[in-house]
Structures are given as structure tokens and as C-alpha cells.
Amino acid sequence: MTVTATGSIQALAEHGLAGKVPVFRTRRELTAVKRLISGTQAVTLYKPIAAEANEAIIGAIDLANGKLPKTTGVTNNGKIDVPSYLLDPIPVTKNTIKSTVVKDGFYSSEDVYGD
């Protein structure tokens, strides 16, 4: 069963616990970033788009040249382990929003803070 941060926070809010129980989510969705600001979510994880795009381009060029792309691990898709290039996620908290997702241009300050 998959439980989303949104559903978890809604359930916590119904019991007056939103912001009192740490909630973690591994996606860099704007709603998650806004929950960091409101204090109902503790952390989200971010992988810079430029790094992801760069590795995808390198992998595509390798494939076009008949080579297997470099991998750093595997991801199980429910049936098999798929060779993957895994990037280390960067934790984003209320205090690091500007130095991560805003600085990299993933979200603008206006998107996040409405200014």
C-alpha cells in the first residue's frame, strides 16, 4: 500500500497533529515544498534536474553508439531489477528551499512563496 504525504497530513490534521508528527516525502512536488513552509511536512528530497538530464543524455549517447550506459545500482520494477544510474537525493527542508529548488530554478521564489 502506498501512502502519500498529502493523505498522511490530512489524517494527522483531522486529529490535530499536522505539523507535530514528522512527515517525509521523496518527491520534489510544489505542494510538498509548500508543506515544508507551513510546517506540516519535515523534508522532501530533490535531485537537480540538470544532473538528471546530463546523465540521461550520456546514457542516450551510449545507447546510440551501441554501448551499455553506465549504471550505479538497480531499481526493481516489480518484476526484475533494472540497471539504473542513481543520483544521491538532496534533502530539502524549510530552511534550504532557497538554496536548492529555488537556486537551481526548479521552482521560482514566486511559485514557492507567492512573492
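Here the structure is shown first, and the text comes after it.
Residues numbered from 1 in each chain as written. Predicted model: local features only at pLDDT ≥ 70, side-chain atom pairs only at ≥ 80, totals over all residues. Heavy atoms only, no water.

Caption draft 1: Region of interest: the pairing of strand β4 (residues 81-84). In terms of strand pairing, strand β3 (residues 73-76) meets β4 through 4 bridges, oriented antiparallel. Across the sheet, residue Gly73 finds its bridge partner in β4, namely Ser84. Here β3 folds back onto β4 in antiparallel fashion, the turn holding 4 residues, of which Gly78 has a positive phi close to 95°. (Pairing = 2+ DSSP bridges. Helix = DSSP H or I, 4+ residues; strand = E, 2+ residues; numbered from the N terminus.)

Caption draft 2: Representation of the packing of aromatic side chains in the model. A full pass over the atoms with the stated rule returns 2 aromatic pairs. One aromatic cluster is present, built from ring pairs that chain together Tyr46, Phe106 and Tyr107. (Phe/Tyr/Trp six-rings, centres within 6.5 Å; stacked < 30°, edge-to-face > 60°.)

Caption draft 3: The arrangement of the pattern of salt bridges in detail. Scanning all chains against the criterion turns up 1 salt bridge. The residue Asp62 makes a salt bridge to Lys67 at a minimum N-O spacing of 3.6 Å. (Salt bridge = Lys/Arg side-chain N within 4 Å of Asp/Glu carboxyl O.)

Caption draft 4: Structural view of the nonpolar core. Judged by nonpolar contacts, Val33, Leu36, Tyr46, Val92, Ile97, Val101, Val102, Tyr107 and Val112 together constitute the single largest core of 9 residues. Those elements that provide at least two residues to this core are α2 (30-38) and α4 (98-102). In contact with Leu36, not counting residues within four places along its chain, are Gln41, Ala42, Val43, Thr44, Val92, Thr93, Lys94 and Ile97. (Core = buried A, V, L, I, M, F, W, Y, C linked by side-chain atoms within 4.5 Å. Buried < 20%, exposed > 50% of the residue type's maximum accessible area, 1.4 Å probe, protein only. Contact = heavy atoms within 4.5 Å.)

Caption draft 5: Local environment of the side chain of Asp62. By the secondary structure assignment, Asp62 is in helix α3 (residues 49-64). For Asp62, a relative accessible area of 13% gives the class buried. Here Asp62 is in contact with Lys67, Leu68, Pro69 and Lys70, once residues within four sequence places are set aside.

Caption draft 6: A look at α3. Between the first and last C-alpha of α3 there are 22 Å, a value that for 16 residues agrees with the 22 Å anticipated at 1.5 Å per step. Of the residues one or two after α3, Gly66 is the one with positive phi, at around 75°. (Expected span 1.5 Å × (residues − 1).)

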